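Coordinate analysis (summary)
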Amino acid sequence: MSRPAPWRLTRETYPKHEVKQTRFQDLDTMGHLNNVAYAALFEDARVRMNQELGRVSRGKMAEGTFRAVVARNEINYLAEGSFPEDVDIGIGIGRIGNRSFEMLSAAFQSGQCIATCDTTIVMTDPKGENLPADFVDRLKKVLVTGG
């Protein structure tokens with residue numbers, strides 16, 4: 001694994017932040033946050049941001065929504081996370097395509113980046129259409145800085 005670019009390791013890169021509590025059950029046998037805990041922390045922040053952005057259907061498709069799936073999710077574990085310290089998840093949008101977009105996030109403890117997560121979301125329905133223009137405008141408002 002190559003180390004993420006330096007701009008990915010800076011808290012200020014990310015336009016949105018959520019502080020997440022760690023749990024004792026998140027620890028591995030060595031007393032560090034386990035990989036599943038990292039994935040869950042990133043997932044929660046990503047889902048909450050998608051809900052704030054709107055338009056993505058969470059069930060039966062309603063008027064003006066679209067259905068999307070996670071096509072790729074890559075986590076880079078950079079340092080050991082600890083309990084009971086909270087984790088600050090920074091998140092924003094990277095690349096925006098015609099039918100997909102990339103969500104970039106990083107986890108911080110004590111000011112240090114302990115992991116990064118890159119997730120590609122792909123619109124699956126309605127077929128043959130691009131991401132709605134107003135949704136793309138909302139994505140552009142939360143682009144990451146750097147890179």
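Refer to the structure printed above.
What you see is a predicted model; the values in this text were computed from it and never measured. (Residues numbered from 1 in each chain as written. Predicted model: local features only at pLDDT ≥ 70, side-chain atom pairs only at ≥ 80, totals over all residues. Heavy atoms only, no water.)

Some thoughts on the sheet that holds strand β1 (residues 16–20)
Where we set the bar: Between any two strands, at least two bridges found by DSSP are needed for them to pair. Helix and strand definitions follow DSSP, with helices as H or I runs of at least four residues and strands as E runs of at least two, each counted in order from the N terminus. Think of each axis as a best-fit line through the C-alpha atoms, taken over the contacting stretch in the case of a helix, with angles from 0 to 180 degrees between the N-to-C directions. Two residues qualify as a contact provided that any one of their heavy atoms is within 4.5 Å of a heavy atom in the partner residue.
Across the sheet, which stays open at both edges, the 5 strands sit in the order β1-β3-β4-β5-β2 with antiparallel pairing between neighbours. Taken across any chain shown, the strands that pair with only one partner, and hence form the sheet edges, are β1 and β2 (67–77). Ignoring strand direction, the axes of neighbouring strands in this sheet form an average angle of 25°. Relative to strand β3 (residues 87–96), β1 runs antiparallel, the two sharing 5 bridges. The residue of β3 that forms the bridge with His17 is Gly90. Seen against the sheet, helix α2 (residues 133–140) touches β3 and β4 (100–109) and runs at an angle of roughly 130° to β3.

Remarks on the environment of Val69
With respect to the element layout, Val69 can be found in strand β2. For the pair Val69 and Thr120, spaced 51 residues apart in the sequence, the C-alpha separation amounts to 8.5 Å. Other than its neighbours up to four places away in sequence, Val69 contacts Thr120, Ile121, Val122 and Thr124.

Notes on the packing of aromatic side chains
Each aromatic ring pair is summarised here by two numbers: the centre-to-centre distance and the angle between the ring planes. The line we're drawing: Note on ring pairs: Phe, Tyr and Trp rings are taken, using the six-membered ring of Trp, and paired if centres are within 6.5 Å. Classes follow the plane angle, with under 30 degrees stacked, over 60 edge-to-face and the rest tilted. Using a 1.4 Å probe on the protein chains alone, a residue whose accessible area is under 20% of its type maximum counts as buried, one over 50% counts as exposed, and one in between counts as partly exposed. Remark: a charge is flagged as sitting over a ring if the NZ atom of Lys or the CZ atom of Arg is within 6 Å of the ring centre and within 35 degrees of the ring normal.
Evaluation of the coordinates by the stated rule reveals 3 aromatic pairs. For the ring pair Tyr38 and Tyr77, a centre distance of 5.2 Å and an interplane angle of 85° mean the geometry is edge-to-face. Placement of the pair is Tyr38 in helix α1 (residues 35–53) and Tyr77 in strand β2, with a sequence separation of 39 residues. Overall, the relative accessible area of 33% leaves Tyr77 in the partly exposed class. Here Arg8 stacks its cationic end above the ring of Trp7, 5.9 Å away from the centre of that ring.

Brief notes about the pairing of β4
Along β4, 10 of the 10 residues are buried, which leaves the element largely enclosed by surrounding structure. Every second residue of β4 is oriented toward a common face, with Ser100, Glu102, Leu104, Ala106 and Phe108 on one face and Phe101, Met103, Ser105, Ala107 and Gln109 on the other, all of them buried. Judged from the 7 bridges that link them, β3 and β4 form a sheet pairing that is antiparallel. Residue pairing in the sheet places Ile89 in a bridge with Ala107 of β4. If you look at the hairpin formed by β3 and β4, you'll find 3 residues sitting between the two strands.

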